[in-house]
Amino acid sequence: MNMEISRMAHSLNEWLWQHEFWLPPGITWEDMKESEDTHYPKPRDLLLSIPFALILVVIRCIFERAIALPLSAKLGVKDKLRPKAQPISILETFYTVNCKNPKEGELISLAKQCDLPVRKVERWFRRRRNTDRPSLSKKFCEACWRFTFYIVSFFTGLAVLYNPWLWDHRECWTGYPQQDFKEQIVHHAATIFLISFSYCANYIRIGTLVMVIHDASDCFLEPTKIFNYMKWKKTCDSLFMIFSAVFLISRLVVFPYTVLYNTYYYSMEIFQPFFGYYFVNALLITLQLLHIFWSCLIIHMVYKFMLQGTMEKDMRSETEESDVDEERENMMEKEKNGIARFSNVTSSNYIQRNGSEPLNNRAHLTNGHVKER
């Protein structure tokens, strides 16, 4: 049994590392053997990304707790007080097992099971969803970490372009889910495959250039978020405009003309097409389509900024529902209280006009008689 497994693994390994998949026609793995003067990247080096990723996770936790969190307190970043959802087992079970945002029919059914008004059940789910969302200080800490990481990553990438053998094992970090979560997953998957393939096939400059182009705009995105959390609106708006310009130029101009053109057209003048050619270009085109998608969102935000004079909230981020819905309910309750108060006042005036005093100006005795105050 063990012999069969080892034979299958050996066959799979030989099939996977066929030079036709990874290298241009006429080049084999024998041509990429190292010598005293020539060094090539080794695919097994990618295994180092696993311990490096674990080390980065530890560094991130230490950074957020020891540096970013105290910094948020000094800069006045305060978390909003969120009303907690009452512990109701039926609703909690539905929330964790079925879905977090039930439809109208499901709300009515849950309200009957819990013997509660539908509005209270809807409010419970809204508060429960808000408890799962990261706090403002948590977002601040994450933005600080990303800013530090992207700055180091950007300048490291520039050093790699100057000296390819300083290649860095960098990871794609996924934060809290946002409205473009699916697009982010596709982007991360394409980036990981692209980095891995470019390293194994010795396309180091292409992979590094792609990461540097991406990091260029991210270096301005994260401080924009940081100043937004600090309520520094003018600084936030200025950085947002700089980020928008860098993003649109780097993703819609630099990326297609320096990366896609060379990999899709110029490479054909040197080598004949092979599997790696189609695979790399498919990943790069996928990234470019995502760049166009995000560019449309940014252009829409810039348009709103020019009309309103202030930056609109990030359309990719999920905001707390209580900010709007709770205020709407409070306004409805105030209106109801105002109507009730108005009816009480008019009824008292009516009684006084008919020669009687309102009941709240009298004292009731235990025997049922009324005593004037």
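Described in the following lines is the structure provided in the data block. Owing to the predicted nature of the structure, the values given are computational and were not obtained by experimental measurement.

## Section: the packing of helix 10 (residues 233-264) against helix 11 (residues 275-308)
Here helix 10 crosses helix 11 at 155°, and the two axes come no closer than 10 Å. With respect to helix 11, the element helix 10 is oriented roughly antiparallel. The chirality of how helix 10 crosses helix 11 is left-handed. Residues of the contact of helix 10 with helix 11, tallied by class, amount to 22 nonpolar, six polar and two charged.

## Here we look at the packing of aromatic side chains
The full count for this structure, using the stated rule, is 18 aromatic pairs. Note on Phe 149 and Tyr 150: the rings are 5.9 Å apart at their centroids and 65° apart in plane angle, and the pair reads as edge-to-face. Look at Phe 275 and Phe 279: their rings are 5.8 Å apart centre to centre, the planes differ by 15°, and that puts the pair in the stacked class. Here Phe 279 and Phe 275 lie together in helix 11, a separation of four residues that amounts to about one turn. Here the aromatic cluster, defined as three or more aromatic residues joined through ring pairs, consists of Tyr 261, Tyr 264, Tyr 265, Tyr 277 and Tyr 278.

## Quick word on the side chain of Ser 217
Relative to the helices and strands, Ser 217 is located in helix 9 (residues 204-229). We classify Ser 217 as buried; its relative accessible area is 0%. The contacts of Ser 217, once residues within four sequence positions are left out, are Phe 243, Val 246, Phe 247, Ser 250 and Arg 251.

Cut-offs used in this document
- Residues numbered from 1 in each chain as written.
- Predicted model: local features only at pLDDT ≥ 70, side-chain atom pairs only at ≥ 80, totals over all residues.
- Heavy atoms only, no water.
- Axes fitted to C-alpha atoms, helices over the stretch in contact; angles between N-to-C directions.
- Helix = DSSP H or I, 4+ residues; strand = E, 2+ residues; numbered from the N terminus.
- Parallel < 35°, antiparallel > 145°, perpendicular 65-115°, else oblique.
- Left-handed = near helix turned anticlockwise from the far one by under 90°.
- Nonpolar A, V, L, I, M, F, W, Y, C, P; charged D, E, K, R; others polar.
- Phe/Tyr/Trp six-rings, centres within 6.5 Å; stacked < 30°, edge-to-face > 60°.
- Buried < 20%, exposed > 50% of the residue type's maximum accessible area, 1.4 Å probe, protein only.
- Contact = heavy atoms within 4.5 Å.

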